[in-house]
Amino acid sequence: MDRLMERGGSFLQKQMPGVVGFFWKVLVSLLVFYLGVKIIRWLQRILRRTMEQMGVDQGVIQFACSLAKILMYLLLVFSIAAQFGVTEASVAALIGSTGITLAMGLQGGLANMAGGIMILLFKPFVVGDYIIYNNGPAGCEGTVSRIDMCYTRLTTIDNKIVVIPNGTLSNSSVTNVTEKDERRLDVKVGISYQSDMRKAKGILEKLLEEEPDIYHDREQAVFVDELGDSAIILGFRAWVATDKYWQVRWGLNEKIKLSFDQAGILIPYNQLDVHLYENSET
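The structure reproduced in this document is the subject of the present report. Counting restarts for each chain, with residues numbered from 1 along the sequence as it is written. Owing to the predicted nature of the model, reporting of local features is limited to residues with pLDDT of at least 70; listing and counting of side-chain atom pairs is limited to 80 or more, with chain, interface and lining totals taken over all residues. Heavy atoms from the whole structure form the basis of all side-chain values; hydrogens and water molecules are not counted.

Let's shift gears to the environment of valine 77. Here a strand is any run of E in DSSP of at least two residues, a helix any run of H or I of at least four, and the numbering for each starts at the N terminus. Tracing the sequence through the fold places valine 77 in helix α2 (residues 58-83). We classify valine 77 as partly exposed; its relative accessible area is 45%. Through-space distance from the C-alpha of valine 77 to that of phenylalanine 33 is 7.9 Å; in sequence the pair is 44 residues apart. Throughout this description, buried means an accessible area under 20% of the type-specific maximum (1.4 Å probe, protein chains only), exposed means over 50%, and partly exposed covers the range between.

Structure (C-alpha cells):
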C-alpha cells in the first residue's frame, strides 16, 4: 500500500507541471479572447465611423463591417490555438481543409455572399429604399434596413422584418419604388352611363388644379380610359413627390367620392337582383 501511495504521489508530481501549465494556458487564452473581443468591437466602431465620415453607402458599411468582424474573429481563434501548440503549418492546413469543406457544403452561402457583393457594386437599391421583390410571395416588399453579407433585411409598413437571401435577390426582378424623387400618380374611377361624363371630367380637372402637392409644371391629363360593361372608366395622370404619393392618392380618392356625390354623378357598383316568382298551382 505504501509503495502504491508513493508511486501515485510521484506520478502526480511528474504530471503537476503539465496540468498547471495547461490551466495557465487556458486562463491566458480566456484573457486573450476577452481582450480580443473588446479590441474587435473597438476596431469595428473605428471602421464604421471612418467609412461614415468618407460618405460611404450604408449598405457597403454594413457589409464591410460584417466581413471584417468574421475575419478578425478567425484571426483571434487561430491566435489562441497557437497558444496550445498548434503550428502555422497546421493552421494553414486547417484553413485549407476548412475552406474546401465550406465551399462544398455552403454553396448557397457563397452564392448569397456573391449576390451581396453584386448588390453593393451595381446598387439596384440602397439602405433606405422601398423595394418590391417581384419574384417572392405576395406582400414581399418593404424598406431596406440592412444589407448584410448573405441577407438583405426589409422592414414592412406594419413593422415586420423580411429576410431575403442576397443570391436570390440579385438574380430576381426588383422594383425600386423610391429611387426617383418624383412618381406618376394614376387614378381611375367608374361612373354610370346615365351620369354627365363631361361634368365628371371637369370635376377631376378641378381637383387636380386645386391639389397643392401636384406638380403642375409636369404633364397631367384627364381622359376616358374605357367604356366598360356597366361603367364609363375615367382616369387622370399627374406627377407628385415620391414621399407624398400615398398621401395625395388617398386624399384625392376621398375628394372624388365627395365631389361626385355632391354633383349627382353615380359611381356604379356590382349588385345582385333577386326575383321571386309565385307558383300559381299552389
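Okay, helix α6 (residues 197-210) next. Given a rise of 1.5 Å per residue, 14 residues ought to cover 20 Å, and the 20 Å separating the end C-alpha atoms of α6 matches this to within 8%. Within the span of α6, buried status applies to Ala200, Ile203, Leu204, Leu207 and Leu208. Viewed along the axis of α6, the buried residues span an arc of 135 degrees, placing them on a single side of the element. Facing away from the buried side of α6, by more than 90 degrees, are the exposed residues Arg198, Glu209 and Glu210. Throughout, a residue-residue contact means that at least one pair of heavy atoms, one from each residue, lies within 4.5 Å. Among the structural elements, β6 (182-191), β7 (221-227), β8 (232-241) and α7 (245-263) are those in contact with the buried residues of α6. Pairing of N or O atoms within 3.5 Å defines a polar contact, subject to two protein rules: one partner must be a possible hydrogen donor and the other a possible acceptor, and residues neighboring in sequence count only if both atoms are side-chain atoms. At the N-terminal boundary of α6, the capping side chain belongs to aspartate 196, with an oxygen 3.1 Å from the backbone nitrogen of arginine 198. For a helix, the expected span equals 1.5 Å multiplied by the residue count minus one. The directions from the helix axis to the C-beta atoms are what the arc is built from.

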